[in-house]
Amino acid sequence: MAQFQLFDGVKLTEAISLNDGGVAQVETVGTIVEVLGEGKAYIVELFGGWVKYDENGNFVSATQDEAESFMETIGVETVYPHQLVLTIPAREAMGVREHLTAVLDNLSDDLVAEVRDFAEFLQQKQQQNQVS
């Protein structure tokens, strides 16, 4: 089983080279966007500082509290488990429904059908409890 899950928040434990020639330093934060080989590696979106667009459409430094600010993506890279530490599990970072949708997107059709059947069972059980 994979050590990290899709959409977990992580940070780097060592500097890694970026595809564009730069370097992501230790403590750079990111999000798991794909799990490779059952957790042998991960595709991680890595983030830099907070930025926003100025009136000319250029990035300028910003703070998290400023309107329309966001964390700049500095790279989407292959990272190995020993290079990462968990900062926030996906289930805490996203709402339950969003997390379930992300999980379902990575299941086979057969498994999705099983989840559907179980959800319908729970729905029937809830309706029975509301009647009693």
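Every chain is numbered independently, its residues counted from 1 as its sequence is written. Per-residue local features are limited, in this predicted model, to residues with pLDDT of at least 70; the limit for side-chain atom pairs, both in listing and counting, is 80 or more; totals at the level of whole chains, interfaces and linings are taken over all residues. Note: side-chain values were computed over all heavy atoms of the structure, leaving out hydrogens and water.

For the rest of this paragraph, the subject is the UniProt feature "domain: DUF2281" (unreviewed entry) in the protein chain. UniProt positions are given in the numbering used here, feature names are shortened, and annotations may be inferred rather than shown by experiment. Taking the UniProt record as the reference, the feature "domain: DUF2281" (unreviewed entry) is found at residues 100–130. As a span, residues 100–130 carries 87% helix and 0% strand, and end to end its C-alpha atoms are 25 Å apart. The way it works is that DSSP assigns letters per residue, a run of H or I at least four long becomes a helix, a run of E at least two long becomes a strand, and they are numbered from the N terminus.

For soluble globular proteins, the rule of thumb is that nonpolar side chains tend to be buried together. To define a nonpolar core, start from buried Ala, Val, Leu, Ile, Met, Phe, Trp, Tyr and Cys residues and group those joined through side-chain atoms within 4.5 Å. Throughout this description, buried means an accessible area under 20% of the type-specific maximum (1.4 Å probe, protein chains only), exposed means over 50%, and partly exposed covers the range between. Phe4, Val10, Leu12, Ile16, Leu18, Ala24, Ile32, Tyr42, Val44, Leu46, Val79 and Leu84 form the largest nonpolar core, which has 12 residues in total. If you list the elements that add at least two residues to this core, you get strand S1 (9–12) and strand S5 (41–53). The leading source of residues in this core is S5, at three residues. Contact between two residues is taken to exist if any of their heavy atoms lie within 4.5 Å; hydrogens are not considered. In contact with Ala24, not counting residues within four places along its chain, are Leu12, Glu14, Ala15, Ile16, Leu18, Leu46 and Ile74.

Taken together, the side chains of Phe7, Val33 and Val76 define a hydrophobic patch exposed on the protein surface, amounting to about 210 Å² of accessible area. If you trace the backbone, Phe7 turns up in the segment before S1. Patch rule: a residue counts if its relative accessible area is over 30% and it has no salt bridge; like charges are joined within 9 Å, and nonpolar side chains (Val, Leu, Ile, Met, Phe, Trp, Tyr) within 5 Å. Note on areas: Shrake-Rupley with a 1.4 Å probe; residue coverage comes only from the protein chains shown. A pairing counts as a salt bridge when a side-chain nitrogen of Lys or Arg comes within 4 Å of a carboxyl oxygen of Asp or Glu.

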